[in-house]
Amino acid sequence: MHDEGVIKFECRWEKTPVCSIEGVEELMQCRDELFSRKLIGVYEDGIGYGNISLREGESGRFLISGTQTGHFEKLSKDRYVLVTAYDIEHNRVECKGPVQASSESLTHAMIYGMNPAIRAVAHAHHNGLWKRFKNRIPTTREEVAYGTPAMAVEVQRLYAETDLKTKKIFVMAGHQEGLVSFGASPREACNILLNLYET
Ligand SMILES: [Zn+2]
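Since the model is a prediction, treat every value here as computed from it, not as a measurement.

**Remarks on the coordination of the zinc ion**
- Taken together, the protein donors to the zinc ion comprise E104 (OE), H123 (NE2), H125 (NE2) and H175 (NE2), at separations of 2.0 to 2.2 Å.
- One can describe the site at the zinc ion as irregular: its four donor atoms subtend angles covering 87 to 164 degrees at the metal.
- Taking the relative accessible area as the measure of exposure, H123 reaches 2% and is therefore buried.

**Notes on the confidence of the model for the protein chain**
- Of all residues in the protein chain, 96% attain a pLDDT of 70 or more, and the chain-wide mean is 93.
- Looking at the elements of the protein chain, mean pLDDT is at its lowest for helix α4 (residues 149-161), recorded as 91, and at its highest for strand β9 (residues 139-140), recorded as 98.

**As for the nonpolar core**
- Grouped together as the largest cluster of nonpolar side chains are 31 residues, with contacts concentrated most on L34, L63, L193 and L196.
- Breaking this core down by element, the ones donating at least two residues are α1 (24-36), β4 (51-55), β6 (80-87), β8 (120-125), α3 (127-133), β10 (169-172) and α6 (186-198).
- Looking at which element gives the most residues to this core, the answer is α6, with six residues.
- In this structure L196 touches L129, F133, I137, I169 and L179, once residues within four positions along its chain are discounted.
- I88, V144, Y146 and L158 belong to the second-largest nonpolar core, a separate cluster that totals 30 residues.

**Some thoughts on the sheet that holds β9**
- An order of β1-β7-β6-β5-β4-β8-β11-β10-β9 is seen for the nine strands of this open sheet, with the pairing classed as mixed. Two strands lie at the open edges of the sheet, namely β1 (10-15) and β9, each paired on one side alone.
- Strand direction decides the pairing type here: β4 and strand β5 (residues 62-65), joined by three bridges, are antiparallel. Bridging from a neighbouring strand, R55 pairs with F62 of β5.
- Contacts from α1 reach β4, β5, β6 and β8 within the one sheet, and its direction differs from that of β4 by about 160 degrees.
- Lying on the sheet, α6 is in contact with β4, β8, β10 and β11 (178-183); it crosses β11 at an angle near 140 degrees.

**Notes on the packing of aromatic side chains**
- Counted by the stated rule, this structure contains three aromatic pairs.
- Each ring, one from Y43 and one from Y49, has its centre 4.6 Å from the other, and the planes form 40 degrees; the classification is tilted. Grouping residues by exposure puts Y43 and Y49 together as buried.
- It is K134 that lies over the ring of W130; its NZ or CZ is 4.0 Å from the centre.

Cut-offs applied
Residues numbered from 1 in each chain as written. Predicted model: local features only at pLDDT ≥ 70, side-chain atom pairs only at ≥ 80, totals over all residues. Heavy atoms only, no water. Donors = N, O, S within 2.8 Å, 3.2 Å for Na, K, Ca; no water. Tetrahedral: all angles 85-135°; square planar, octahedral: opposite > 155°, others 65-115°. Buried < 20%, exposed > 50% of the residue type's maximum accessible area, 1.4 Å probe, protein only. pLDDT = per-residue confidence, 0-100. Helix = DSSP H or I, 4+ residues; strand = E, 2+ residues; numbered from the N terminus. Core = buried A, V, L, I, M, F, W, Y, C linked by side-chain atoms within 4.5 Å. Contact = heavy atoms within 4.5 Å. Pairing = 2+ DSSP bridges. Axes fitted to C-alpha atoms, helices over the stretch in contact; angles between N-to-C directions. Phe/Tyr/Trp six-rings, centres within 6.5 Å; stacked < 30°, edge-to-face > 60°. Lys NZ or Arg CZ within 6 Å of the ring centre and 35° of its normal.

Structural data, given as structure tokens:
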């Protein structure tokens, strides 16, 4: 049904203590709010879904909730990881922290790459919202699989051709239940999802 963790993905992980960046408290607060609405969570088969990240200052690096942390009601600082480099073409990331980054980090990376003003990204799963808003808000084409170079191109296309730049949220038709929002802060990215959830 869902395709989490299926894509071949290479993560070069340096195990280190907590990497803290400015704004991490807001990031953590937003992540737990998304969890409380099951926009981030875990499927019955134990596979986690959804993640949230924050750009480190003006850099291309970002702090993201770690892989397979969807079952934690409150996600502590030691379950976040800093993505320090990535290669969308070859499905590779480098990261450091107490836990590993997920393959979905590349979805975040491609969004940061579009505009330096984007400072936070949230990726949620929700069947109801996905069905309801697919093709009603900016939507990536169904044949484009998540976590692929083609998805990066597709999101750039939406950014150029639709009102994604102002709406700051899109549905991934080719990624079951997947939605992505972004903004100048974790609060903005989170609230865009919560507003959709509450409509
Ligand atoms: Zn996903």
